Structure formats: C-alpha cells, structure tokens
Amino acid sequence: FGILAPRLTLTSIMPKGMAAIISDTKLYGEDSNVESLWQGLHGIKVESYPSTSVKLAGVSPISSPVEDIVAAFEARGAQVRNTEDLDDTFPKWTLSPPVGLAGVTEVVVEGFVRHLLRADYILASTADYERYIGLLDAEYGQSRRTSEGGCTYRWWESSRVSIRGEHCPGKSDSLRCFNDLAGDQLEQVAAKLEVDKAESNADPNKSAIDADMF
C-alpha cells in the first residue's frame, strides 16, 4: 500500500468471505475511508496501533499471524500433536510443550481466521500453577481473583491482551491468553451477520447474489 495510502498491518480474508483486520495505519495520520469500508462491509471497528507487552514464544499475540505463533512454538522445541479446521474460520493446533515452559504439559492455540483468538497452557500440577501466578503477578501486577462453579480464576491484563488463570481442585490447572482485539472483532462480525440476515429475511423481494457466481 505504501506511504500515501493505508497500510494494513495484518489482514485476513478467507474463501468463504470471512475477514478480520488488526489495525489500519498510515505513516502520516489515519485513513478514514478504509476505516469506513471495514465498518460497512464487515461491521469491524478498526483500532489503530493496538499493543501489548505479552509475548507467546517471543512474538506478539496481536500483530503476528496465528500460523507464525505456532511456528514460533515449534522453533522452541514444541511439536504439533493435532490440528483441526486449518482451512476454516477457526483453526486449532495442539502442541507439546516447548523448551522454556517448565510445568506445562500441552499448548493449545486457537485462531480466528489468521489471528490468534486464544492460547492455553495446560499445567501439570497446582504447584506449577501457583509458580506461574507469582511470575505473572510480578510481570503484570497483582491479579484479580474470582470464584465460580467450584473453580477459582485470576486475571491479568496488558492493553489488548488478557490472561486468565484457572484452578479447578482435583481436576485441572491452566493459563489462557486472550487476544481481546480479535475477540471483539469476532463479536462485531457475528453481530453484522445477524443484522444482514434479519434485513435479508425482512425483504423477500431482495435480489440474491451467491458468492460462487462471481
């Protein structure tokens, strides 16, 4: 796109028409036309310069395509154990733990189109979970603690990324990293699809255009 036109830092378009955009930036100011286009076509509110200090395998969970995040885990010794729906809207990878995540037995990475939606670290024991609580508190500040359904939860935030710790006594311990920006955009797209569906149903005489005809 270049200096005089919008520069899209990370855009995803799938054959089925699903799309998501992380940010719309320009070297000299913002471009309102592109922001209006994404809002009108997909219902997505563009956020410029989204950021976070969180890293997954050394890369940003916001500005990196989900495939690059999986590759970063593999570069640190993780191996892909299972994949689901890689050519669809919600791809998923299950990996063995990489080097540098002691106490983690499994990593699960889920995407929204090409963006990370969330990543789970499955922990071996409650002692490992408590050790990570201390590390996360030191990095992101004292966590918020809540309880629900017999499980306790802790929350940390870094701009547009949230981390949730989950402890279910006798069952499981885990950490989940949420890409809040992609999650918000997913909700916006879903809302836009619902509006479009309602409008289409309200007008039976509206001409239909099938995506596979052009």
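### Focus on the overall build of the protein chain
Step number 1: The number of helices and strands found in the protein chain is four helices and 12 strands.
Step number 2: Counting every position in the protein chain, which comprises 214 residues, the buried fraction comes to 43%.
Step number 3: Contacts in the protein chain between residues at least 24 apart in sequence constitute 42% of all its contacts with a sequence separation of at least 6.
Step number 4: As displayed, the protein chain offers around 11900 Å² of accessible surface, 51% of which is attributable to carbon and sulfur atoms.

### Regarding the packing of aromatic side chains
Step number 1: Per the counting criterion, the structure on display carries three aromatic pairs.
Step number 2: With a centroid separation of 6.3 Å and 90° between ring planes, the pair formed by Phe 73 and Tyr 121 is classed as edge-to-face. Of the two residues, Phe 73 sits in helix α2 (residues 66-75) while Tyr 121 sits in strand β8 (residues 115-123), which places them 48 residues apart along the sequence.
Step number 3: Judged by its relative accessible area of 1%, Phe 73 falls in the buried class.
Step number 4: Pairing Phe 90 with Phe 112 gives two aromatic rings, centres 6.1 Å apart and planes at 25°, and the pair type is stacked. Linking Phe 90 in the loop between β5 (80-84) and β6 (92-95) with Phe 112 in strand β7 (residues 104-112), this pair joins segments that are 22 residues apart in sequence.
Step number 5: Residue Phe 90 is classed as partly exposed on the basis of its relative accessible area of 43%.
Step number 6: By relative accessible area, which is 0% here, Phe 112 ends up buried.

### Some details on the pattern of salt bridges
Step number 1: All told, the structure shown has nine salt bridges when counted by the stated rule.
Step number 2: Residues Glu 110 and Arg 118 are paired through a salt bridge, measuring 3.3 Å at the closest nitrogen-oxygen approach.
Step number 3: Judged by its relative accessible area of 16%, Glu 110 is buried.
Step number 4: Classification of Arg 118 by relative accessible area gives partly exposed; the value is 24%.
Step number 5: Between Asp 120 and Arg 176 there is a salt bridge whose closest N-O contact spans 2.6 Å. Here Asp 120, found in strand β8, pairs with Arg 176, found in strand β12 (residues 172-179); they are 56 residues apart in sequence, far enough to count as distant.

### Considerations on the environment of Gly 100
Step number 1: Tracing the backbone through its elements, the reader meets Gly 100 in the loop between β6 and β7.
Step number 2: For Gly 100, a relative accessible area of 71% translates into the label exposed.

### Digging into helix α3 (residues 126-140)
Step number 1: With 15 residues, α3 should cover 21 Å at 1.5 Å per step; its first-to-last C-alpha distance of 21 Å lies within 8% of that length.
Step number 2: Taken from the residues just after α3, Gly 141 is the one with a positive phi, measuring 95°.

### Quick word on α2
Step number 1: Among the residues making up α2, those that are buried are Val 66, Ile 69, Val 70, Ala 72 and Phe 73. Each buried residue of α2 sits inside an arc of 155° when the element is viewed along its axis, so together they form one side.
Step number 2: Of the residues flanking the end of α2, it is Gly 77, one or two places downstream, whose phi is positive at about 100°.

What counts and what doesn't
Per-chain numbering applies: the sequence of each chain, read as written, is numbered from 1 onward. Only residues with pLDDT of at least 70 get local features here, since the model is predicted, and only at 80 or more are side-chain atom pairs given and counted; chain-wide, interface and lining totals rely on the full set of residues. The basis for the side-chain values is all heavy atoms of the structure; hydrogens and waters are excluded. Helical segments are the DSSP runs of H or I of at least four residues, strand segments are the runs of E of at least two, and each set is numbered from the N terminus. Throughout this description, buried means an accessible area under 20% of the type-specific maximum (1.4 Å probe, protein chains only), exposed means over 50%, and partly exposed covers the range between. The criterion used for residue contact is that any of the two residues' heavy atoms lie within 4.5 Å. The Shrake-Rupley method, run with a 1.4 Å probe sphere, supplies the accessible areas, and residue values consider only the shown protein chains as cover. For this analysis, a ring pair means two rings from Phe, Tyr or Trp (six-membered ring only for Trp) whose centres lie within 6.5 Å, classed as stacked if their planes differ by under 30 degrees, edge-to-face if by over 60, and tilted for the remaining angles. The term salt bridge refers to a pairing of a side-chain nitrogen on Lys or Arg with a carboxyl oxygen on Asp or Glu at a separation within 4 Å. Multiply 1.5 Å by the residue count of a helix minus one, and that product is the helix's expected span. Here, the arc refers to the directions that run from the helix axis to the C-beta atoms.

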